[in-house]
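Now for the letters of each chain:
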Amino acid sequence: MSSLFNVFNISGSAMNAQSQRLNVVASNLANVDSATSANGTPYKAKQVVFSAIPAGSDHVNAVKVDKIIEDQTPAKMIHDPHNPLANADGFVSMPNVNVTQEMVNMISTSRAYQNNVETMNAAKSMLQKTLTLGQP
Amino acid sequence: MNNLDALFGFNQTALKVREQRQELLAANIANSDTPNYKARDIDFSSALKKALESSGLDSSNSPGLATTSALHLGANGSTQAAAGISGDVLYRKSAQDSVDGNTVDGDVERSQFTDNAIRYEASLTMLKSDIKDMLSAIQGQ
């Protein structure tokens, strides 16, 4: 199979991985104030880890989301004695989501996604030009 | 090998190598956020030379300029192609190291990707005009 067709697989895998990353960013931002969860602890920020996987020919790698890890930084302690979740000293543990970091992550994800769309478009126009070979 | 094969062979091989390079560059762009991924690329001129040799076309068949004096510069590619490693997938040298061990530089990869796409289209145009020449030769018009 033509190498150019494989560009679709490679860029497609990267777009898939980046949209999963965007999903995780959305989850982190949505839960920035979730002081409790199903297991009673505050929400923990999540991060995706990408890994390269072989794609078709030698030396060429696509991407996949290897795992999603939980951020291990300690929960933020907020003084709010009226909150039912407050401890004896009046502190509530809040999620360890860093909003600035998540926004940067979001922009980086969006740019990476755009890059891969451009790559795919370039491969598409190259293939279309090749198809017109030999036509008057 | 017949004459048509010899005529189209050079640009056909060039297109094949350009295609392989485009695939490698796309993989680099796709892995721009993968930890410990190392950007790969090929040296086009040596890869083309190797591909031409393996397809039975030696690079003397490639379009070039005749050198009638020792002072003339060779332009048939064979004099410029590096000896030794040919057609091997190499690792790109990174200008700046990143914390996660990734050596993909987005700007370099994007510019190389566009450059390669344009050169692919150039080879395509040349192949097209070769075909046009042969068509007008057999039609005799």
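Residues numbered from 1 in each chain as written. Chains lettered and ligands numbered in written order. Predicted model: local features only at pLDDT ≥ 70, side-chain atom pairs only at ≥ 80, totals over all residues.

1. Remarks on the overall build of chain A
A tally of helices and strands in chain A yields two helices and four strands. Order of helices (α) and strands (β) in chain A, N terminus to C terminus: α-β-β-β-β-α. A globule of 136 residues ought to have a C-alpha radius of gyration of about 14 Å, yet chain A, at 22 Å, is considerably larger. Each principal axis of the C-alpha atoms in chain A carries an extent, and together these give about 80 × 25 × 20 Å. Evaluated residue by residue, chain A yields a buried proportion of 26% over its 136 residues. Look at the contacts in chain A between residues 6 or more apart in sequence, and 60% of them connect residues 24 or more apart. (Helix = DSSP H or I, 4+ residues; strand = E, 2+ residues; numbered from the N terminus. Rg over C-alpha atoms; globule rule 2.2 N^0.38 Å. Buried ≥ 20, exposed ≤ 12 C-beta atoms within 10 Å, placed from the backbone. Contact = placed C-beta atoms within 7 Å.)

2. Here we look at the pairing of strand 1 (residues 46–54) of chain A
When a strand is regular, its side chains alternate between the sheet's two faces. All names here are of chain A. Summarising the sheet, strand 1 and strand 2 (residues 61–70) pair through nine bridges and their orientation is antiparallel. If you follow Lys 46 over to strand 2, its bridge partner there is Glu 70. Here strand 1 folds back onto strand 2, and the loop between the two strands holds six residues, one of which, Gly 56, carries a positive phi near 70°. (Pairing = 2+ DSSP bridges.)

3. Observations regarding the packing of helix 1 (residues 3–30) of chain B against helix 2 (residues 44–54) of chain B
Residue and element names in this part refer to chain B. Packing of helix 1 against helix 2 leaves a shortest axis separation of 9 Å and a crossing angle of 130°. Judged by the angle between their axes, helix 1 and helix 2 are oblique. For the element pair helix 1 and helix 2, the recorded crossing hand is right-handed. Contacts from Thr 13, Ala 14, Lys 16, Val 17 and Arg 21 in helix 1 reach Phe 44, Ala 47, Leu 48, Ala 51 and Leu 52 in helix 2. Tallied by class, residues from the contact of helix 1 with helix 2 come to seven nonpolar, one polar and two charged. (Axes fitted to C-alpha atoms, helices over the stretch in contact; angles between N-to-C directions. Parallel < 35°, antiparallel > 145°, perpendicular 65-115°, else oblique. Left-handed = near helix turned anticlockwise from the far one by under 90°. Nonpolar A, V, L, I, M, F, W, Y, C, P; charged D, E, K, R; others polar.)

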